[in-house]
Structures are given as C-alpha cells and as structure tokens.
Amino acid sequence: MDMETLLQYEWNSMWPEFTILLTAVALSLIDLFMNKKKDRSLLIWLALAGIAVAIVCLVLQFDDGVVSILNETYRLDSFAKAFKFLMLIGTGFVLLLGVPDESTSVRGEYIYLILTALLGGMMMASSADLITLFVGLELLSLSSYVLVGIRKTNPLANEAAFKYVVNGGIATAITLFGMSYLYGLTGETNIYEIQGLMGSDVVTDNRFLAVFAFLMIVVGLAFKITAAPFHMWAPDVYQGAETPVTAFLSVVSKIAGFAIMLRLLMVPFVFAPGTGEIITPDGISYETLLVSVRPYLVLLAIVTILVGNVIALRQLNAKRLFAYSSIAHAGYLLVPLAALSELVFEAVWFYLTAYLLMNIGAFAVIHVMSAEEEVTVASFAGLFKRAPYLTIAMSIYLLSLAGIPLTAGFIGKFEIFMSALGTEPKRYLLVTAMLAGTVLSYVYYFGLFVQMYFRPSKRQTPVTISNGVTAVLAITAAGTVLLGVFPSIALTFIHDHFQFLEIFNP
Amino acid sequence: MNESFLLTILILSPLLGIVLLSVMPGNHRFINYMGVLGTVLPLVLTLIVFSLFDRTVSGVQFVEYRQWFELMTSISPNEPYTVAYDLGVTGLSVLFLMLASLITFLASLTALRLKESAKGFYILFLLLELGLLGVFVSENLFLFFLFFEITLVSMFLLVGKWGGFNREKAAFSFMIYNGIGSILLLIVIIVLFVEMKTTNITELTMLLKETDSLEFLSGDTRTWLFVLLLIAFGIKLPIVPFHTWMVRVHVEAPIAVVMIHAGVLLKIGAYGLLRFGVGFFPQQLKDMAVVLAILGVINLLYGAFIALVQTELRSVLAYSSISHMGIVLLGVASFNTAGLQGAVFQTISHGLIAALLFLLVGVIVDRFHTTKLEELGGVASQAPLFAGFLLAAGLASLGLPGMSGFISEFLAFLGLFESMPVIGSVGILGLILTAVYMLRAVLAVTFGERRPLFDGIRDLTAVEIVPSAILLSIIIWIGVYPAVLSNTLQLARTIGIGG
C-alpha cells in the first residue's frame, strides 16, 4: 500500500474517531507534563470539548451514504452512526459526572482512559472486519479494566478489577474462538465477505460448525452485555468501581456490546444455513441459521430477564441493585433480537436511548449520595425531605425503568413488546417473561419509592450536588420525560436519518 | 361534529390546581382550601360536558384527534403504526366522568381535616383526579392505559404516605396487583394494535364485530384476549381471588382516598369490562357467560358472608363492596339489555353509596378514633344527624326501594333470571345477606347502649352535611327517577348490543 492509496481513502468519515484519539493523546501528554499538584479539572473540560467536536462531526455525517475504507475494514453506515451517537452522548454524561467540586479531585488517567474506552466502542460499532472488531473490543475492555481498578488502595476496587480482567479475558477468548471457526469455514475475516460465502457448499456441509461459531460468539458477547448466566462479574464490578465508571460500564460499554452483537450476529449469518431441514419439492434444503439458533437466544433473553429481576429483589446495596436491574434491562434488549423482529434495530436503538438517559440519571443520584456513605437502599430513606429535586429526578428515572407511561422507558418497552408480538408467530414466551420481569421490577423500584417518600431520614443535612451532576440530572430527567411525551422526536429522527437495513448490504 | 378542546381542557384542569399548590408555601393556612378549589374546576367542566352531551344522537361526542407518534419499521416504512391522541365520550363514559368529578370534589372536602403535609396530599390527589378523568374520556386504548397508570402511581403514593398503620404494605400490594393487571391489559392492547393497526376504541369495536375470526384474530386468540381482559379488570373490580389488595387499601388508606377508591377507581374495572370486554369480544363473553355468572355469585356470597363476621366497620364495607361488585358481574353475564343496564346502574349507584358510607366512616374516625364495632354504639342519641345519614346510606346499600341500589339490583337480577334462572336464585340469597350484615354494622354503631365516653361529641358539621346530603339526594333521585341515568346511557347505542 503506497501513499497514494492511503490518501484516496475518505478519511473524513473517521473524523469522530480521530477527534477522540487526538483528545486522548493530548490529554495524556498534558497530564504527564502538568505539575502534579495542579488541579486536573481542566482536563475534563478539554475531554468534553473533544466529545462535543466528535458529536458535531458525526452529526454532519448523518445523511451521507455508506462509506467503506481501509480495505473494507472500517465502515460507516447508519447503524454505526446511530450507535456511535449514543456512545458519545453517554460518555459526555459520564465525564460530566466526574467534574470535581471543592472537596474532590480528579485523576488524569481516569479521563483519558474513558476516552480510549469510548474509542474502542466506536471502532466496534464501525468495523466490518473481525480483526478490527476484535481490536475495538479489546481497546474498550482493557481501558475498562484499568478504570475499574483505578482506586488502587480500595480492596473492593481491587477485587472488582481482578474479577473483571479474568472474566473479561475468558469472554474475549471465547468470542475469538468462535470467530476462528468463521475464518476457518470461509477463509475471510471481512464480515461482508463471510456473508457472501456463507451460502457455499463448504459451509452447507459443515453447517453445524457455523452454528457452533455463532453460539461461541454469543457466549463471549453475552459477558459484555451482562446477559445471564454470564453476568456474575457485573454486581461485583459495579460495586467496586467508582460510580461514574459504573455508569460508563452499564451504559456505554453495554451500548457497544449491543452494537457489536447486532452486527456480528446479524450480518455474517443472515444467509447461513441452519440445522433444521425443510423438505421442498426440489429436495431438501435448510432453514436459515438465525431460525435454528433462535431457541437459544430466546432462552438467553428469558433467563437474563428473570435472573436480573429476581436477584435484584434481595439486594440491599444500591449499586448491586442497579447492577441486577441493568442485567434485567439487557434481557429486555435481547427480546427483539431473539424474536428476529423487523423492528429489531429501531426497538433496540430506542430502548438504548431511553436506557442511557434513565440509567445514567440513576447512577448520577447514587454518585451524589455516595459522597456520604456506601449507598444502600436504606440510604434513600427520607430523601424527599432532604433533597426534593433530587428525589423527583430519581422518581422519573425509576418510573422510566419500571416502564410507566409518559417516560422514555415506557415507549421503549412498548416498542419491544410490539416487536415480540408483531412477528409471526407471536413470541408469547418472551412476552410472558418480560411481563413477569416487569412486575417483579415494580417491587424493587417502588421499594425505593417507599424509602424516599414514606420513611423518615436518619440524616437531616441537605445533600450537596456538584454543578456537573446537576447538569446531568437536569438533562437526563428532562430527556426521559420528553421522549416519553413526544417519542416522535426520536422515532422520526431514526426514520429520517438512519436506514438500518444498510447494515446488510456489502 | 366540529373540533373542540373541551375534553383536553377538562383532563388538564386539575393541573391548574397542582401548579397553584406547588407554588404555595407548604404551611400556608389556605392550602387545604386551595386543594378543594382545584377539584371545583374539573367538576364545573364536567357539568358542562354533561349538559352539552347530546342524548339524541348516537356515537362518540366531543371527539378530538391528533396524531401522536408513529412507529415505523425499516422493512415496511410506508405502513407505520400510528398512535393517536384521541378523546371522546359516549353515554357510558359521561356517566362515569360525572361520578369521578363529583366524588373527587366531595372527597376533597373531607380531606380538609388533614393537618400534616396537606400540600403534597392535594397535589397527588389532583394528579389522581387527572388520571381518572383521562381514563373515562380516552377514546383510545393507549391513552386509557396511560391515564390508568397515572392513577396507579398517584394512588400508591397517597396510600403509602398518608395511610394508616400498615400503609406501606397496603400501598405495595396495591401496586403489585394493579401492576399485574395493567401489564396484562397492555398485552391485550398491543396484540390488538399489531393486528388491527389502531387503538381507537370505536374503530376496534366495529372492526372486531364486522370481521370474523378468520380474517383477523382467530377465535382462540380472541378467547385468550378476553380472559386476559377479564383478569386485568377483574383485579381492579375486584373478582374474588384477587381481592386482598383492595381490602387492605380500604382499611389503610386515608378516608378521602378510600372514597375515590371505592367510589370511582374500582369502577374502572366495571367500565373496562363493559366497554372493552362487552364491546370487543361479545361472542367470547357469551360463551363464557356461565363462568362469569358463577364468579359473580361467588363474589356476591363470599363478600356477604365475610362481611357478616367482620368486627371492624371498614372491613365490613370493603367486603360489602366485593359483594356488590358481584352483582355487576352478574349483570354483565346475563348479557341482555336489562342485565347490562343493571350492571352500569349498579356500578354508578354503588360508587355513590360507597362514597357516602366512607364519608361517614371518616366522621367516625375523626370523632371516635376507632372503627371497631364493639367499641362503638349508641351514638344515635349523641349525634342524631350522623346516625340518620348512616342509616340511610346503609339502607341504600342493602337495596331499599326508592333508592339507587334497589333499581340497579332489580335490573341486574331481572336480566339474570331471563338468561340463567338457577344462578339467579342462588344469587338472591346474597341480597338477603346484604341486609343482614349492613343492618348489623349500622345498628352496632348507632344503637345500643349509650356510652358516656361519647357524650359531648360533635354531630356532623356543615362541611360534612353538604357532601352527605348531595350524595344522598342523588342516590334517592336515581332510585325514584332512574331515567336520569338511562337517558344518558342509551345502552343499545353505547355498547351496541341488545335493545
């Protein structure tokens, strides 16, 4: 590859990534040469500026067609844009949460590691090749491992980081193992090439291997999105990490996980033959692979919903509670995928948007309260007396998480129900699980209501909230209600700017 | 019918009170009065709707329609699922609307006694009213569900914060039971939505009636949907195995909230059953009429027997509500004009009677600080006015001719005997029991040995006499001149059967 070919590429399609990369590099250098005693909050503002620029670049690309560069390994299509948009916004919120006030300080590593993790996530959303996909995944994972363990002296953080490294390592290994079968079957790493080769005789003769590859990839990625039974790390890691990091893991990292999951499961396997035989007049043919593996996806979704919600019932620590709650939400998000509904991209994207707003909001509240003590469910007692506005914001997030109308969470859930019931045959099993899960979740979400409104408080002092957190709370609460009352904002936005079906076209 | 915003203004009218209350300081002297004033505006608007409602034409009136949002799929972008904001009232919903605003207003008067955190109470109270009004003017299942959930959340907070000793437990079981009900309802709504591409109630009724099961939903699916609806609204009504939450709420919730709960909220169950159950799935209902009738008889008898042995006045009334709702079920099950009309009458009439009874229970709680039957007694001589109203309310409840309870039970049983005489005769037993437990409870409070402890107790004050008198006169009015309901109802047109 010479200079000329390199220059021919439409590099401008990578501007958002470049911006984040440059910001991260610049910040690490500034941090290195900056006086150790100096306040690092400047770095956060620089990082936020970088994210703002990246968002602007991304928005300017919205209406461009599909761009594929670097030997078709990097691909910018609607799907990638939609998910990158969410990740950038989510990371912006996380950084705002970390804005220090008079009593706290911030570490430089924390800021640029979040940016590199974000970069990994963005690469995952945009790659069309197993290699770049994997590199993106590793970049996100490795940065997250360090972020979790950043409080070196805290035993919980150490435990969390260790668990995360070991579990995450195993998970990526399993994904890679699955990918190796894909490569072995087709001799290609580009997922669009693989898609084309999946109909070949070699694959048809070895279709069980294709199914095996699919399932291995699912298992590996299930760790990333905390789907049960591969969720064990999440509660410990969420508890041990600092709250903004937890928010990052539960939102941005999960969005990246769903992005890679949708692309890697839908695209290469869409034409692949499955295990079931269909007898047609012309002889025997095979059902598609996505149909054959559906029962496993259904099972994964149901188990995730039930495990998340049932275990959340008994949690006393707020972060662990929200860890299980986010496991349950991962289960809801798996429903459209398992239903193979035509609404799958819309439903998942909208729900992730809602989830981003309500979950970051909830973690922002926990972040505020963790300044006083380790946050338990009982710490919420009497919060309404001490901090009415904070409580109202929290109520909005909780109602949205529980799926009560006039919140974004309800519209998202409505769309997921639609996706499961709008396909033929209707997925009653998935719907039943979601139903049970939703009712169970009322118990713990409204349990927090009981604490906040009905119980007397142990403390009398008002809660102090930093400016950054106030901004996050205001934006997320307003966004949750806005998307609940006027969902058409997001729905027409998707419709006008994103043609999700582009994802299938090489 | 040209476009009007009357209904939108009506459902948003409680917001005015909410806004005014939230800017007032919490310890303001007039905060309670402000709360009461907040319920006056919706009442006035409802009266306007009620009087402007044209009783000579059929169909939905005061229709408002806006597109709210569309769900588009990338595969078929030209066939979006449209969710609309549409409002409208039929004869049936106008009656319920009237019931809701009236009882909310009267209930707000009884909350004037409230001393502690009245601001929050009235804000939630008005929010509850907003939900109630919305439920009855929604012409669209999506909106119906939305407002239904608003009542749920506000009710949860009202019970949990201002209730009695076991308030948290009551609030919780309220939330869980009704949460299950509402989710089941949501499933029905979504299945209808994905199949029919609309959530408009009138359109759905027409579509489901005109298409046979081959075209849209299969017969089996329809039966399942009907069963889900029956459970969803059965929890609300409540139908017997699902009633425990309702007894808890009756016993624990603050009196003003119980008045609304017994008077209006439970009636959403009957409203839903009549409007959606009867409207969407008449055939399925006919097939399952016997089951419904048996459930009704169980409700009627179970409620009556349990009420007979209760030692606490609120529990007596709670079980009495269950028993009376059995009659609604019986009326629906009979599936003829008389029976359905009886069901509607019974719902409205019981709403009024239950509100009156709980209003008086509120007086008991305020003056005597107990609702245990054995600790009460002989108050007839100390508080004659109160005793009189209580007796009248009790008589109305047991179905004394000349009061609304009689005409509704009469119609319901008339319908039932027409279609299922055997079940009807078993059910009659329940009516006798009603007289027994009601008189037992009322007499235990008013008559008996005069207790010196209660000497010098205040009789009803003006704020209590006015609402009691209003309720009682409406009860008698309906009893004497039931056409006041049936003219508006126009059953044959509203639900579209019988006649």
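Keep in mind it's a predicted model, so treat the numbers as computed, not measured.

Rules behind the numbers
- Within any chain, residue numbers begin from 1 and follow the written order of that chain's sequence.
- For this description, chains carry letters from A and ligands carry numbers from 1, given in the order in which they are written.
- In view of the model being predicted, local features appear only for residues whose pLDDT reaches at least 70, and side-chain atom pairs are presented and counted only at 80 or more, with totals across whole chains, interfaces and linings using the full set of residues.
- Runs of H or I in DSSP of at least four residues are treated as helices and runs of E of at least two as strands, each being numbered from the N terminus.
- The globule rule is 2.2 Å times the number of residues to the power 0.38, and the radius of gyration it is compared with is taken over C-alpha atoms.
- Neighbour counting defines burial: a residue surrounded by 20 or more other C-beta atoms within 10 Å of its own C-beta is buried, one with 12 or fewer is exposed, and intermediate counts give partly exposed, using backbone-placed C-beta atoms.
- It is the C-beta atoms, placed from the backbone, that decide contacts: two residues are in contact if theirs lie within 7 Å.
- We call a set of buried Ala, Val, Leu, Ile, Met, Phe, Trp, Tyr and Cys residues a nonpolar core when their C-beta atoms link them within 7 Å.
- Between the N-to-C directions of two axes lies an angle of 0 to 180 degrees, each axis being a line fitted to C-alpha atoms and, for a helix, fitted only over the stretch in contact.
- Should an angle fall under 35 degrees it is called roughly parallel, over 145 degrees roughly antiparallel, and 65 to 115 degrees roughly perpendicular, with every other angle called oblique.
- Left-handed describes a crossing in which the near helix is turned anticlockwise from the far one by less than a right angle; the clockwise case is right-handed.
- Strand pairing is assigned whenever DSSP identifies at least 2 bridges connecting the two strands.
- The pLDDT value tells you how sure the predictor is about a given residue, anywhere from 0 up to 100.
- UniProt positions are given in the numbering used here, feature names are shortened, and annotations may be inferred rather than shown by experiment.
- By this rule the span expected of a helix is its residue count minus one, scaled by 1.5 Å.
- The angle between axes fitted to the seven residues ending at a residue and the seven residues starting there is what we call the bend at that residue.

Q: So what's going on with the overall build of chain B? Residues and values would help.
A: Along the backbone of chain B there are 21 helices and 2 strands. For chain B, the C-alpha radius of gyration of 22 Å lies close to 23 Å, the compact-globule estimate for 499 residues. Expressed along its principal axes, the backbone C-alpha trace of chain B runs to roughly 80 × 60 × 45 Å. Buried residues in chain B amount to 58% of all 499 residues. Excluding contacts between residues fewer than 6 apart, the proportion of contacts in chain B whose partners are at least 24 apart in sequence is 78%.

Q: Would you mind going over the overall build of chain A in detail, with residue names and values included?
A: When its secondary structure is counted, chain A shows 22 helices and 4 strands. Expressed as lengths along the three principal axes of its C-alpha atoms, the size of chain A is roughly 80 × 55 × 45 Å. Of all 506 residues assigned to chain A, the portion counted as buried reaches 57%. Restricting to contacts in chain A with at least 6 residues of sequence separation, those with at least 24 account for 79%.

Q: Please provide a residue-by-residue account of the nonpolar core, values included.
A: Judged by nonpolar contacts, the single largest core of 382 residues is most densely connected at Ile 114 and Leu 430 of chain A together with Phe 174, Met 259, Ala 355, Phe 358 and Leu 360 of chain B. The greatest single-element share of this core, amounting to 21 residues, is contributed by helix 16 (residues 344-369) of chain A. Contact partners of Phe 174 of chain B, with chain neighbours within four places excluded, come to Met 155, Phe 156, Val 159, Trp 245 and Val 249 of chain B.

Q: Any details on the environment of Asp 496 of chain A? Residues and values, ideally.
A: Residues and elements named next belong to chain A. Mapped onto the elements of the fold, Asp 496 is located in helix 22 (residues 488-497). Asp 496 sits in the exposed class, given 10 other C-beta atoms within 10 Å. The spatial distance from the C-alpha of Asp 496 to the C-alpha of Glu 17 is 24 Å, given a sequence separation of 479 residues.

Q: Report on the interface of chain B and chain A, specifying residues and quantitative values.
A: Chain B puts 27 residues into the contact, and the matching count from chain A is 30 residues. Looking at the side of chain B that touches chain A, the elements that each hand over two or more residues are strand 1 (61-71), helix 5 (141-162) and helix 6 (167-196) of chain B.

Q: So what's going on with the environment of Ala 362 of chain A? Which residues, and what values?
A: Residue and element names in this part refer to chain A. When you line up the elements, Ala 362 lands in helix 16. Using a count of 27 C-beta atoms within 10 Å as the deciding quantity, one classes Ala 362 as buried. In sequence terms Ala 362 and Ala 301 are 61 residues apart; their C-alpha atoms lie 24 Å from each other.

Q: Just give me the short version of the packing of helix 3 (residues 41-61) of chain A against helix 5 (residues 108-126) of chain A, but keep the residues and values in it.
A: All names here are of chain A. Put simply, helix 3 and helix 5 touch, their axes get as near as 9 Å, and they point 15° apart. Regarding the angle of helix 3 to helix 5, the classification is roughly parallel. Between helix 3 and helix 5 lies a crossing whose hand is right-handed. Between helix 3 and helix 5, the contacting residues are Leu 43, Ile 44 and Ala 47 on the first element and Gly 108, Ile 111 and Leu 115 on the second.

Q: With reference to specific residues and values, describe the pairing of strand 4 (residues 283-288) of chain A.
A: All names here are of chain A. Burial analysis of strand 4 places just 0 of its 6 residues in the buried class, which makes it a mostly uncovered element. As paired strands, strand 3 (residues 273-280) and strand 4 are joined by 5 bridges and run antiparallel to one another. Bridge pairing links Ile 279 to Ile 284 in strand 4. With antiparallel pairing between neighbouring strands as the criterion, strand 3 and strand 4 make up a hairpin whose turn holds 2 residues.

Q: Describe the confidence of the model for chain B, and please don't skip the residues or the numbers.
A: Overall, the predicted model of chain B reaches an average pLDDT of 88, with 95% of residues at or above 70. Scoring the predicted complex yields pTM 0.92 and, for the interface, ipTM 0.90.

Q: Which residues make up the UniProt feature "domain: NADH:quinone oxidoreductase/Mrp antiporter transmembrane" (unreviewed entry) in chain A, and what are the values?
A: Residue and element names in this part refer to chain A. Listed under "domain: NADH:quinone oxidoreductase/Mrp antiporter transmembrane" (unreviewed entry) in the UniProt record, and renumbered for this structure, are residues 127-268 and 292-440. When the span residues 127-268 is considered, its composition is 80% helix and 0% strand, and the gap between its end C-alpha atoms is 13 Å. In residues 292-440, helix accounts for 77% and strand for 0%; the two terminal C-alpha atoms are 31 Å from one another.

Q: Lay out unusual backbone geometry with the relevant residues and their values.
A: The bulk of non-glycine residues show a negative phi, and the bulk of peptide bonds are trans. Residue Pro 229 of chain A is reached from Ala 228 of chain A by a cis peptide bond, and omega for that bond is 0°. Along the chain, Pro 229 of chain A turns up in the loop between helix 10 (207-224) and helix 11 (233-240). Here the amide bond leading from Leu 237 of chain B into Pro 238 of chain B is cis, since omega sits at -10°, within 30 degrees of zero. Tracing the sequence through the fold places Pro 238 of chain B in the loop between helix 8 (219-236) and helix 9 (244-252). You will see that Phe 335 of chain B, though not glycine, has its phi angle at about 55°, which is positive. Within the element layout of this structure, Phe 335 of chain B appears in the loop between helix 13 (313-334) and helix 14 (337-368). You can call Phe 335 of chain B buried: it has 23 C-beta atoms within 10 Å. With a phi close to 55°, His 369 of chain B is a non-glycine residue in the positive phi region. In this fold, His 369 of chain B is placed in the loop between helix 14 and helix 15 (379-382).

Q: Any details on helix 1 (residues 6-23) of chain B? Residues and values, ideally.
A: Residues and elements named next belong to chain B. Over its 18 residues, helix 1 runs 26 Å from end to end, which matches the ideal 26 Å to within 8%, given 1.5 Å per residue. When the local axis directions of helix 1 are compared, the greatest deviation, roughly 35°, occurs at Leu 12, which is followed within four positions by the proline Pro 14. Inspection of helix 1 places Leu 7, Leu 10, Ile 11, Ser 13, Pro 14, Gly 17 and Leu 21 among the buried residues, and these make up the whole buried set. Close packing links the buried residues of helix 1 with helix 2 (31-52), strand 1, strand 2 (81-89) and helix 4 (118-137).

Q: Summarise helix 6 (residues 130-148) of chain A; cite the residues concerned and give the values.
A: Residues and elements named next belong to chain A. Compared with an ideal rise of 1.5 Å per residue, which puts 19 residues at 27 Å, helix 6 spans 27 Å between its outermost C-alpha atoms and is within 8% of the ideal. Residues of helix 6 that are buried include every one of Leu 130, Thr 132, Leu 133, Gly 136, Leu 137, Leu 140, Ser 141, Ser 143, Ser 144, Tyr 145, Leu 147 and Val 148, and no others. Those residues of helix 6 that are buried lie in contact with strand 2 (74-76), helix 5, helix 7 (155-186), helix 8 (191-197), helix 11 and helix 12 (243-266).

Q: Can you lay out the packing of helix 10 (residues 255-280) of chain B against helix 13 of chain B for me, pointing to particular residues and giving the numbers?
A: Residue and element names in this part refer to chain B. Running from N to C, helix 10 and helix 13 point in directions that differ by 15°, and their axes come no closer than 11 Å. Judged by the inter-axis angle, helix 10 sits roughly parallel to helix 13. The way helix 10 lies across helix 13 gives a crossing that is right-handed. Here Ala 262, Leu 266, Ala 270, Leu 273, Leu 274 and Val 278 of helix 10 lie close against helix 13, whose contacting residues are Ser 321, Met 325, Val 328 and Val 332.

Q: Go over the environment of Gly 120 of chain A, please, and point to the residues and values.
A: Residue placement: Gly 120 of chain A occurs in helix 5. The residues contacting Gly 120 of chain A, other than those within four sequence positions of it, are Gly 136, Leu 137, Leu 139, Leu 140 and Ser 143 of chain A.

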